Amino acid sequence: MVRGLLLLLFVGACIVMSRSAFSSNHFKRQSKSDGLVAWQQVYSVLISPRCINCHTATNYPQQGDDRHRHFANVIRGPEGKGVPGLNCVSCHQSANADSTGVPGGHNWHLAPLSMRWQDEDDQPLSSAVVCHSLTDRTRNGGLNASGLLKHNEEEPLVLWAWNPGRRQNGAMRTLPPLTHAEFVTATRQWIDAGMPCPR
Amino acid sequence: MVSLYLDLPTSAQEAGQAPPAKIFPPDAFIHIRPDGKIVIQVNRVEVGQGTHTALPMILADEMDADWSQVIAELAPAADVYKDPLIGVQWVGGSTAIANSFPQYRQLGARARSMLVQTAADGWRVKPEQCRTASSIVYGPGNRSARYSDLANEAARRPIPDKVALKNPSEFKLIGKPVRRLDGRAKCDGSHKFAIDLDLPGMLIALVARPPVFSGKVRRFDDKEARAVPGVRDVFEYPLVKGSAVAVVADKFWIAKQARDRLKVDWDSDGIEHADSSRLFAQYKELAKTPGGVAVKRGDETAIDRIPESQRIVVEFEFPYLAHAPMEPLSLAVRFDGDSAEAWVPAQLPTWEQAATAEVLGLAPEQVKFNVLFAGGSFGRRGLVDSHLVREAAAIAKRVRGRPVKLIFTREDDMRSGYYRPMFAHRVEVGIGSDGAPLAWRHVVVGQSFVKGTGVAMEAVLVKNGVDKLAVEGSSDSPYDIPNVDLTAHHPTVNVPVLSHRSVGYGHNSFVRETLIEELADRAKTDPITYRLRLLNKDAYKFRAVLTLLNEKASWRTGLPAGHAVGYACNQYNNTACACAVELSIVNGRPKIHRVTVTVHCGLAVNPLTVESQFQGGIGFGLTQVMPRGAVTLKEGRVEQGNFDRYAPPYIADAPTDIDVHIVQSTEPPTGVGEAPVPIIAPAVVNALYHLTGKRYRSLPLVAL
Amino acid sequence: MATYQLNVNGQRKQVDVDPSTPLLWVLREELKMTGTKYGCGISVCGACTVHLDGVATRSCVVPISLLGNRRIVTIEGIGSDPVGRIVQEAWVEKDVVQCGYCQSGQIMSACALLKANPKPTDDNIEESMGGNLCRCAAYVRIRQAIKDASKHLA
């Protein structure tokens, strides 16, 4: 019986410990309504210009805080990397080029159409639609919850949004509405709540 | 009359070689080198229009020169290179071929005559017994002599007064498709434009210009600017109006970094802060009142007696346009105290030489003025006030002893002014019972870049207070309209303006050709037929191009659903052209599938050039309909700075196919650089009407 | 100022410039190679196009500090490449150029297209050349020259 109790304690500890692999700050499950609040925070970042400009539904990226169509007729191309002669990397290097005003990061390219967060009129999709899209493993690159968290935490092009470089006039590009840490926290909270989506 | 001949070393001249023989000094134009190369000097700058090939073709043909040995060279500033009709050295107004065709023929024929005379004398035969071909004189028997061997002797001969010109049936080059002489070098990176100039000891200057035209420097702080390594000097200097701050440095990027760190406090007090919206509102009001008279024909009250149902009143708006040549403005000057040298892609070399001299306190002859190739101009480098050389000279004067290349960044270039002015038109047309226009009352409102400047051409161009260049296209309409009342107002606005490729036709012909087609549509008549019926009997070139268009655009019947056709025609400096445009709407923009264009330019000296100028001119003219094809000012500041916000057509915006058909003619050649530009915008807008029923009276077409 | 070792058209070069200096100006002013042109400075026109490790790149926006050891090919060197040579000949054959200022960039972009796709469709041409501005609008002949070059490629 002691062995059974010890086993129970051990299993309980494992559950507690595996919980903290997701949420080091919270060891209790988030409520659905808290999760929806957290999702809104995540969504607010996703539809901010530094992110949504490359999650288009069209064959072109956007640029600027007003999210106008990217100049010089640059287009998506078959793999989201542009076309020969006019690739993303024809201008966007592996790091920001502040002296010339061109943002850069590792493997600069468009998110695939399956990960679009706007419609074909360049209007952001609703919170519900984006949420479903993000949690659909056939569309989100096969990411599960931990994959999504890791993506938001570590993916270089995601991190770029908080280090977006300067325009040619010296002005820093505007940042997303949350800090990266807040974004990661909100992601965790949402995941802890079971990744609920609004209706 | 003594002509100044500037003996330029040719670029490939090796040390130790005998200097090239000059034919008929003091005139320049032809150098025959001992190795057989023939250097022909072209009296106007090449900006892309093809004169660098066509003018040498004309001379080489009459001279019977071996074309494969011909090298073209840009002539420096000198009176001997003046346009024979205009009387000043210049390029513009599509006049090069028209005005220099006889001149270059004469030059070639005279050279040939002197070479033949020399050979004939040497062989003791008569010139009539000789013939020439490919830089060789052939005499009786098997005698022959190369031009290069005859040249030195020939150069000592008197220049003949009269020479026989070839019969056109003998032309070997003129009238043939000849590839550009400057083509290959422009494809391998070796061709040099003004901005590519590199001289020993050269410095670079960038300028901080006032944000509002005519503004001046109140004070500036150059401490941080001067701290950038490689900066030589920072100083204020005068502009034509206002003042600016120059940064002189070893290299472009150093100058740019320094200029970025410069803090200037600008004084924009008491000067007009021009604003496009405000100006359009003012122009619109002004257009309701008659201005200075350009044309008054027939009965000016006739229109008031035409029933309202038979009258239309239309208002048009055209914005400022930037030239925005691909090569941003740049030029260089070196001042040595008692002499100077300039390197400028100038449309008006002697004029600018004089302006340079004036700023430097020298006589024009003390300024050696080199003309360099220009990467496009469209009129931007044809400066009435010579502002560029004045600025470069002022900077060179301060720097002294070293050449300074003044470079405009793209933003500097686009914000520097000298735009095609904005215009508003108000037209009332009274239509007769036969559907033809009976009366035309038309007011044009827009700045003149000539009026009030005091330049020589003002007296020729401005009459009754009306600048011909602002109303051309309306004032010389080819249509028979019995009652015409055309007047114009030229407001004074604090925005520098200038000639822009096709000048007044760019907006006037839009008005004319959209209204004419509107009348044709009202009369339910085919637009080509309608125009032909309405043409003045003297407009024979218009008749020829419209008739040919009717034949060549036979595709216009049977267009697929969602496609429509529109038309326009124009004549610029005696070259007439007409086009039919097929378009559809794709993603909210006009997609042009094809353009068929016909042209009457007299004898087409180089059909390849005519075709390229027409294909290019039509593409250039499309800028006017692009959604970002306008320069706008807001409270004194130009809102555009680069091609992101002033976006001309890229390849996807330009027609996929443009077929050009030249009317066969032996009449004297006329120029083609500007003729095609005004026809595309009205044709596009006319086609859009046929497709959607919507009319467009304002350019650019921001949204359909 | 920093020292950079470059490989330009197969040759080693060394330059001493501020790290922020765009590659365009290093080529033009340090190496005196003016075939690559300045048209806009913000990568919107394509006149400055070079190849970096074979990728068409707009040199006006690449600070020399981000170049790394990528091999540079410019308009002055593309003629040594079999595709480059065919493209240049097609450009001459079709008499493409007018003022010519944009054409270095046009040719470098066209070479990148044809090296990746020797038989481009009209749409391929329009897409790959879509960001190269020509104020003279020589586009009709640019298309023709690319198709002509394509015919000569296996």
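Presented here is an overview of the structure given in this document.

A word on the overall build of chain A
Of regular secondary structure, chain A possesses 7 helices and 4 strands. N-terminal to C-terminal, the α/β element order of chain A is α-α-α-β-β-β-β-α-α-α-α. Here chain A, with 199 residues, has 46% of them falling under the buried criterion. For chain A, the share of sequence-separated contacts (at least 6 apart) that also reach a separation of at least 24 residues comes to 61%.

Regarding the overall build of chain C
Within chain C, the secondary structure is distributed over 5 helices and 5 strands. When the elements of chain C are put in sequence order from the N terminus, they spell out β-β-α-β-β-β-α-α-α-α. In terms of overall size, chain C behaves like a compact globule, its C-alpha atoms giving a radius of gyration of 15 Å where 154 residues would be expected to give roughly 15 Å. Based on the C-alpha atoms only, the size of chain C along its principal axes is roughly 45 × 30 × 25 Å. Counting every position in chain C, which comprises 154 residues, the buried fraction comes to 69%. Intrachain contacts of chain C at a sequence separation of at least 6 include 55% that bridge at least 24 residues.

Digging into the pattern of salt bridges
Residues and elements named next belong to chain B. Applying the stated criterion across every chain yields a total of 73 salt bridges over all chains. With a shortest N-O distance of 3.0 Å, Lys-288 and Glu-285 are connected by a salt bridge. Among the salt bridges present, the one from Lys-296 reaches Glu-300, with a minimum N-O distance of 2.9 Å. For Lys-296, a relative accessible area of 47% translates into the label partly exposed. Taking relative accessible area as the criterion, Glu-300 reaches 43% and is therefore assigned partly exposed. Through salt bridges that share partners, Lys-284, Lys-296, Glu-300, Asp-304, Glu-315, Arg-426, Glu-428, Arg-441 and Asp-485 make up one connected network.

So, unusual backbone geometry
Excluding glycine, residues mostly have negative phi values, and the peptide bonds linking residues are mostly trans. Pro-700 of chain B follows Leu-699 of chain B through a cis peptide bond whose omega is -5°. Examined against the element boundaries, Pro-700 of chain B turns out to sit in the segment after helix 16 (680-692). Positive phi, close to 60°, is recorded for Asn-107 of chain A, a residue that is not glycine. Looking at where Asn-107 of chain A falls in the secondary structure, it is placed in the loop between strand 4 (86-87) and helix 4 (127-135).

A look at the interface of chain B and chain C
Contacts between the two partners involve 60 residues from chain B, matched on the other side by 50 residues from chain C. Summed over both partners, the interface of chain B with chain C buries about 4700 Å², with 57% contributed by carbon and sulfur atoms. The largest share of the area that chain B buries against chain C comes from Cys-187, Met-326 and Ile-651 of chain B, three residues that together contribute 18% of it. Linking chain B with chain C are 8 salt bridges. In this assembly, chain B and chain C are joined by 33 residue pairs in polar contact (both at pLDDT 80 or more). Take the side of chain B that touches chain C: its biggest share by element is 8 residues, from helix 15 (residues 607-621) of chain B.

Some remarks on the packing of helix 2 (residues 82-93) of chain C against helix 5 (residues 139-151) of chain C
When two helices pack together, their arrangement is given by the angle between the helix axes and the distance between those axes. All names here are of chain C. Put simply, helix 2 and helix 5 touch, their axes get as near as 8 Å, and they point 135° apart. Considered as vectors, helix 2 and helix 5 are oriented oblique to each other. Crossing of helix 2 over helix 5 shows right-handed handedness. Contacts between helix 2 and helix 5 involve Ile-86, Val-87, Ala-90, Trp-91 and Glu-93 from the first element and Ile-142, Ala-145, Ile-146, Asp-148 and Ala-149 from the second.

Observations regarding the environment of Pro-527 of chain B
All names here are of chain B. Locating Pro-527 in the fold gives a position in helix 13 (residues 527-534). In this structure Pro-527 comes out as buried when scored by relative accessible area, which is 8%. C-alpha of Pro-527 to C-alpha of Glu-517: the two residues are 10 residues apart in sequence and 5.8 Å apart in space. In contact with Pro-527, other than residues within four places in its own chain, are Glu-517, Ala-520, Asp-521, Tyr-567 and His-690.

Digging into the environment of Leu-125 of chain A
Counting through the fold element by element, Leu-125 of chain A comes out in the loop between strand 4 and helix 4. Once the C-alpha coordinates of Leu-125 of chain A and Ile-47 of chain A are considered, the two residues, 78 residues apart in sequence, prove to be 8.5 Å apart.

So, the packing of aromatic side chains
Scanning the model with the defined rule gives 17 aromatic pairs over all chains in all. A ring pair is formed by Phe-252 of chain B and Tyr-38 of chain C, whose centres lie 5.6 Å apart and whose planes are at 50°; its orientation type is tilted. In this pair, Phe-252 of chain B sits in helix 5 (residues 252-260) while Tyr-38 of chain C sits in the loop between helix 1 (23-30) and strand 3 (49-52), so the two residues belong to two different chains. Note on accessibility: Phe-252 of chain B and Tyr-38 of chain C belong to one class, buried. If you follow Arg-131 of chain B out to its NZ or CZ, it ends over the ring of Tyr-138 of chain B, 4.5 Å from the centre.

Thoughts on the sheet that holds strand 16 (residues 340-344) of chain B
Residues and elements named next belong to chain B. Reading across the sheet, the 7 strands line up as 10-11-8-18-15-16-17 and stay open at both edges, with mixed pairing between neighbours. Bordering the open sheet on either side are strand 10 (231-238) and strand 17 (367-371), each of which pairs with just one other strand. Averaged over all pairs of adjacent strands, the angle between strand axes in this sheet comes to 20°, irrespective of strand direction. Pairing of strand 8 (residues 203-208) with strand 18 (residues 404-407) involves 3 bridges; the strand directions are parallel. Counted as the bridge partner of Ala-205 is Leu-406 from strand 18. Here helix 5 sits on the sheet and contacts strand 8, strand 10, strand 11 (243-249) and strand 18; the angle it forms with strand 8, its principal contact strand, is near 30°.

Some thoughts on the packing of helix 12 (residues 505-522) of chain B against helix 16 of chain B
Residues and elements named next belong to chain B. Look at helix 12 against helix 16: their axes get within 8 Å of each other, and the N-to-C directions meet at 30°. Here helix 12 is positioned roughly parallel relative to helix 16, judged by the angle of their axes. The interaxial crossing formed by helix 12 with helix 16 has right-handed handedness. Residue-level inspection shows Ser-509, Phe-510, Glu-513, Thr-514, Glu-517 and Asp-521 of helix 12 in contact with helix 16, the latter providing Ala-681, Pro-682, Val-685, Asn-686, Tyr-689 and His-690.

Procedures and definitions
- Residues numbered from 1 in each chain as written.
- Chains lettered and ligands numbered in written order.
- Predicted model: local features only at pLDDT ≥ 70, side-chain atom pairs only at ≥ 80, totals over all residues.
- Heavy atoms only, no water.
- Helix = DSSP H or I, 4+ residues; strand = E, 2+ residues; numbered from the N terminus.
- Buried < 20%, exposed > 50% of the residue type's maximum accessible area, 1.4 Å probe, protein only.
- Contact = heavy atoms within 4.5 Å.
- Rg over C-alpha atoms; globule rule 2.2 N^0.38 Å.
- Salt bridge = Lys/Arg side-chain N within 4 Å of Asp/Glu carboxyl O.
- Buried area = accessible area lost by both parts, 1.4 Å probe.
- Polar contact = N/O pair within 3.5 Å; in protein donor to acceptor, adjacent residues only side chain to side chain.
- Axes fitted to C-alpha atoms, helices over the stretch in contact; angles between N-to-C directions.
- Parallel < 35°, antiparallel > 145°, perpendicular 65-115°, else oblique.
- Left-handed = near helix turned anticlockwise from the far one by under 90°.
- Phe/Tyr/Trp six-rings, centres within 6.5 Å; stacked < 30°, edge-to-face > 60°.
- Lys NZ or Arg CZ within 6 Å of the ring centre and 35° of its normal.
- Pairing = 2+ DSSP bridges.

The analysis is restricted to geometry; functional conclusions fall outside its scope.
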